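Descriptive structure summary
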Amino acid sequence: MKRSVVLFGALMLGACNPIYSGGGEPLAQMTFDHVKPFPVYVASYEAVALVRPQAPDLPEGFIADPAELVHDYLKSRFEASGSQGKLRAVINGVSVKHEIVRSKNKLGAALNVANMDHYMVRVGITLENFGTVERPNQSIKLTAYRNLYISEYSSLVEREKAQMMVLDTLIDDLDRSIRAVLKDKLNIL
């Protein structure tokens, strides 16, 4: 009888163990190699990375450094195709803040369950256009930010996917804003 109980227990534990299905691979890295650069009508274009005195101060478990992603985007997205002037895209600041948001449910808040992780991602860049005959030197600051809320019950894969999606959306926001500024304010796109 004892043997059958132990055998039954072992079979039940084995049934609880999921069979590996290949779903645990890390997410692909975000690159901009596939992006076709926009021609910017200046003689020179430079993307300037964020200067930091120390390693990035990212919350534990945050999947990627937004400063590196934005710099890669800026390097890949635009190229000089004119005969005069220079455009510099300077990353001024990047921050990723994290806080835990207590459950809105009174019972959940009392038991300290059903909380949310709140990430606030902010990127500031300056577009500097100088050396053109028609226009004086110009400097335009842009800021993009996104908020992300993730349930404390989300798996690691779900967290990484949500973080990558918010970073992708942040880059899309920057792309639309930068192209609008280059076209409508600086007249070089």
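Being a predicted model, the structure only gives us computed values, none of them experimental. The residue count restarts for each chain, going from 1 along the sequence in the order it is written. Since the coordinates come from a predicted model, pLDDT governs what is reported: local features require at least 70, and pairs of side-chain atoms require 80 or more to be given and counted, while whole-chain, interface and lining totals use all residues. To obtain the side-chain values, all non-hydrogen atoms of the structure were used and water was disregarded.

**Description of the pattern of salt bridges**
- When a carboxyl oxygen of Asp or Glu lies within 4 Å of a side-chain nitrogen of Lys or Arg, that pair is called a salt bridge. Under the definition given, this model contains 10 salt bridges.
- A salt bridge links D117 to R159; the nearest nitrogen and oxygen atoms lie 2.8 Å apart. Of the two residues, D117 sits in strand β5 (residues 116–130) while R159 sits in helix α4 (residues 156–185), which places them 42 residues apart along the sequence.
- Remark: exposure states derive from per-residue accessible area (1.4 Å probe, protein chains only) relative to the maximum for the residue type, with buried under 20%, exposed over 50%, and partly exposed in between. The exposure class of R159 is buried, given its relative accessible area of 16%.
- The partner of R179 in a salt bridge is D175, and the shortest N-O contact between them spans 3.1 Å. Here D175 and R179 lie together in helix α4, a separation of 4 residues that amounts to about one turn.
- According to the relative accessible area criterion, R179 is partly exposed, its value standing at 27%.
- Shared partners join several salt bridges into a network, and the residues in it are E46, K86, R88 and E128. In DSSP terms, a helix is any run of H or I states spanning at least four residues, a strand is any run of E spanning at least two, and both are numbered starting from the N terminus.

**Focus: unusual backbone geometry**
- We note that A114 has phi near 60°; this positive angle belongs to a residue other than glycine.
- Despite not being glycine, N187 has its phi angle at roughly 55°, a positive value.

**As for the environment of V70**
- With respect to the element layout, V70 can be found in helix α2 (residues 66–77).
- A relative accessible area of 1% means that V70 is categorised as buried.
- Between the C-alpha atoms of V70 and I125, which are 55 residues apart in sequence, the distance is 9.4 Å.
- In this analysis, two residues are considered to be in contact whenever any of their non-hydrogen atoms come within 4.5 Å of each other. Setting aside chain neighbours within four positions, we find V70 in contact with I91, V123, I125, I171 and L174.

**Notes on the nonpolar core**
- Here the nonpolar core consists of buried residues drawn from Ala, Val, Leu, Ile, Met, Phe, Trp, Tyr and Cys, with membership extended through side-chain atoms lying within 4.5 Å. Core analysis: the largest hydrophobic core is formed by 39 residues, its most contacted members being L74, L87, I125, L127, I178 and L182.
- Of all the secondary structure elements, the ones that give two or more residues to this core are β2 (44–48), α2, β4 (86–101), β5, β6 (138–151) and α4.
- No other element matches α4, which puts 10 residues into this core.
- Excluding residues that lie within four positions of it along the chain, I178 makes contacts with Y73, L74, F78, I125, L127 and L142.

**Notes on the side chain of H71**
- Its location among the elements puts H71 in helix α2.
- Contact partners of H71, with chain neighbours within four places excluded, come to A47, V48, A49 and I91.

**Topic: the sheet that holds β5**
- When DSSP finds two or more bridges between a pair of strands, those strands are recorded as paired. Taken in spatial order, the 4 strands of this open sheet run β2-β4-β5-β6, and their pairing is mixed. Whereas interior strands pair on both sides, the edge strands pair on one side only; in this sheet they are β2 and β6. Going from strand to strand, the sheet's axes swing by 15° on average, the running direction of each strand aside.
- The pairing of β5 with β6 spans 14 bridges and is classified as antiparallel. Within β6, the position partnered with M116 by the bridge is S151.
- Against the sheet, α2 contacts β2, β4 and β5, and its axis sits at roughly 150° relative to β4.
- In this fold α4 packs onto β4, β5 and β6, with an angle of close to 160° to the strand it touches most, β6. For helices, the axis comes from a line fit to the C-alpha atoms of the stretch in contact; other axes are also lines fit to C-alpha atoms, and the angle between any two N-to-C directions lies between 0 and 180 degrees.

**Things to note about the confidence of the model for the chain**
- Chain-level statistics for the chain give a pLDDT mean of 85 and a share of 82% at 70 or above.
- Segment residues 10–22: pLDDT under 50, and 1 contact once partners within four positions in sequence are set aside and those in other chains are kept. Each residue gets a pLDDT score, which is the predictor's confidence in that residue and runs from 0 to 100.

**Observations regarding the environment of G61**
- You can see G61 is positioned in the loop between β2 and α2.
- Accessibility expressed as a relative area gives 56% for G61, which makes it exposed.

**Let's talk about the packing of α2 against α4**
- Their axes nearest at 11 Å, the elements α2 and α4 cross at an angle of 40°. Judged on the interaxial angle alone, α4 and α2 are oblique. Considering only the axes of α2 and α4, their crossing is right-handed. Contacts between α2 and α4 involve P66, L69, V70, Y73, L74 and R77 on the former and, on the latter, L167, I171, L174, D175, I178 and R179.
- Classification used: nonpolar for Ala, Val, Leu, Ile, Met, Phe, Trp, Tyr, Cys and Pro, charged for Asp, Glu, Lys and Arg, polar for all others including Gly. Per-class residue counts for the contact of α2 with α4 are 9 nonpolar, no polar and 3 charged. Roughly parallel means an angle under 35 degrees; roughly antiparallel, over 145; roughly perpendicular, 65 to 115; everything else is oblique. For any pair of crossing helices, the crossing counts as left-handed if the nearer helix is rotated counterclockwise from the farther one by less than a right angle, and right-handed if it is rotated clockwise.

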